[in-house]
Amino acid sequence: MEGDSENRKDQVLERLNKRNKDRQNYLDVKSEQRSKESVQNEGVDYFSSTFTQKTIDIEQRLKDIQCAEGPTTDLARNFADITLEIQDLQRYLTASTMFLSDFKIKSCQNILNTLTSVSDETRQRLMPKKKFGFSGRKTAAKQKPNPNKDIVDAKSSKTPEKLGSTFSWTIANRKNEHIVLDSRQVNGQDITISNVSHCLVELQGHPGSVQVSRASKCTLLCGPIARSFFAENLDECTLSIACQQLRLHSSRGIRIYLHVTCRAIIEDCREVEIGEFNYDYPELEADYLASGLNKSQNNYTDVADFNWLSPDAPSPNWSLLKDHPDPNWNALRRDFIANSHNNNGHKQDVKDISII
């Protein structure tokens, strides 16, 4: 009996000691958290003041440009400087995401998007470009070329959504086509794509930016993009993209092979899979240098989902590609062309167009 009593006493003491130890550990953790939060708040305050001041400076420069009178060369130089300032501010935001809330990141990103849009609109107004089109290469066999279809026309899309009211799409209203734009058509240009289905699109060069709206069951392969890649309303598409900033909206069933130097952003998306960029063509290295994109910095694993703000659990809307073989783009291209010949221009099977 005495032995049982001693054992129970020892067990009670052990539980009490464990409880006290757990309580002390909890207090130590809370104390450390309070200390970190204090340092973090200081960092957030400094970031907010710095970001706000830089934003005001860029806005003032844009206002000054609209009021100033000078040669076109001065305008081009000023807009180039503003673009660099916006890019620097984007890098500053990306580097600070480790201590910023998702709400703060989203708010600042919206400000950057607005600055970019205002800059582009002001540039277009003060330095209008002559409208032009690019020719795509269609692979269907034994079909007479239709110049009205191969040449992109501003009439093909009069009301692009969210991309401006006076606008000419680079590629629009295409189906079952292999479209290739080479460096002469791509380098430094703002490439825009709309309403494409069952297409294989290749942009071999270094665009200034790429925007895609409404694409279904397509594959898009693109060389290094100097600035941003923006896409919306994509369905079951495969992308191989290298860019400074990626934004994907209102899309589903997307596989992205990505090189991005800033934090990638998705919103209103689901079933997004992300792997490392692997598109290749002979001039790729030279295009990296010309685009100014940092090839050694790839943040493809760092994705902000604006529909998932919980810091304690990963977003269910996107995932990293694991244990999945890299696609063979040459084989995909050959299969696509072969199917174009075999089907003689008829609608193709989805799996022949996209590797999803």
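Here the structure is a predicted model, which means the values were calculated and not measured.

Novice: Would you mind going over the pattern of salt bridges in detail, with residue names and values included?
Specialist: Inspection of the entire model under this criterion finds 15 salt bridges. Among the ionic pairs, Asp 81 bridges to Arg 61, the shortest N-O distance being 4.0 Å. In this pair, Asp 81 is assigned in helix H2 (residues 72-96) and Arg 61 in helix H1 (residues 2-67), connecting sequence segments 20 residues apart. Among the residues examined, Arg 61 registers a relative accessible area of 25% and is labelled partly exposed.

Novice: Residue-level account of the side chain of His 178, with values.
Specialist: Mapping His 178 onto the fold places it in strand S2 (residues 178-181). In this structure the side chain of His 178 is engaged in a polar contact, spanning 2.8 Å, whose partner is the side chain of Glu 202.

Novice: Account for the environment of Phe 277, naming residues and giving values.
Specialist: For Phe 277, the position within the fold is in the loop between strand S12 (270-276) and helix H6 (284-291). Placed 55 residues apart in sequence, Phe 277 and Cys 222 show a C-alpha to C-alpha distance of 10.0 Å. Excluding anything up to four places from it in sequence, Phe 277 contacts Cys 222, Ser 240, Ile 241, Ala 242, Tyr 257, Leu 258, His 259, Leu 284 and Tyr 288.

Novice: Give me the environment of Arg 263: which residues, what numbers.
Specialist: With respect to the helices and strands, Arg 263 occurs in the loop between strand S10 (252-260) and strand S11 (264-267). On a C-alpha basis, the gap between Arg 263 and Gln 245 in space is 6.8 Å, while along the polypeptide they are 18 residues apart. When residues no more than four places from it in sequence are discounted, the contact partners of Arg 263 are Thr 94, Thr 97, Asp 102, Ile 105, Leu 246, Asp 302, Val 303 and Ala 304. Only 2.9 Å separates the side chain of Arg 263 from the side chain of Asp 302, close enough to count as a polar contact.

Novice: Explain the confidence of the model for the protein chain residue by residue, including any values.
Specialist: Averaged over every residue, the pLDDT of the protein chain is 78; residues scoring 70 or more account for 77%. The element-level mean pLDDT for the protein chain is lowest in helix H4 (residues 147-150), coming to 39, with S10 highest at 95. Note that residues 132-167 has pLDDT below 50 and, in this model, 66 contacts with residues that lie over four places away or in other chains. Throughout residues 345-356 the model reports pLDDT below 50, and contacts reaching past four residues in sequence, or to other chains, amount to 45 contacts.

Novice: Describe the packing of aromatic side chains, naming the residues involved and giving the relevant values.
Specialist: With the rule as written, the count across this model stands at 4 aromatic pairs. With 5.1 Å between their ring centres and 35° between their planes, Phe 47 and Tyr 92 make a pair best called tilted. Of this pair, Phe 47 sits in helix H1 while Tyr 92 sits in helix H2, placing them 45 residues apart in sequence. Its relative accessible area of 0% is what places Phe 47 among the buried residues. Arranged with centres 5.3 Å apart and planes meeting at 50°, the rings of Tyr 279 and Tyr 281 form a pair that is tilted. Among the aromatic residues, ring-to-ring pairing joins Phe 47, Phe 51 and Tyr 92 into one connected group.

What counts, and where the lines are drawn
Residues numbered from 1 in each chain as written. Predicted model: local features only at pLDDT ≥ 70, side-chain atom pairs only at ≥ 80, totals over all residues. Heavy atoms only, no water. Salt bridge = Lys/Arg side-chain N within 4 Å of Asp/Glu carboxyl O. Helix = DSSP H or I, 4+ residues; strand = E, 2+ residues; numbered from the N terminus. Buried < 20%, exposed > 50% of the residue type's maximum accessible area, 1.4 Å probe, protein only. Polar contact = N/O pair within 3.5 Å; in protein donor to acceptor, adjacent residues only side chain to side chain. Contact = heavy atoms within 4.5 Å. pLDDT = per-residue confidence, 0-100. Phe/Tyr/Trp six-rings, centres within 6.5 Å; stacked < 30°, edge-to-face > 60°.

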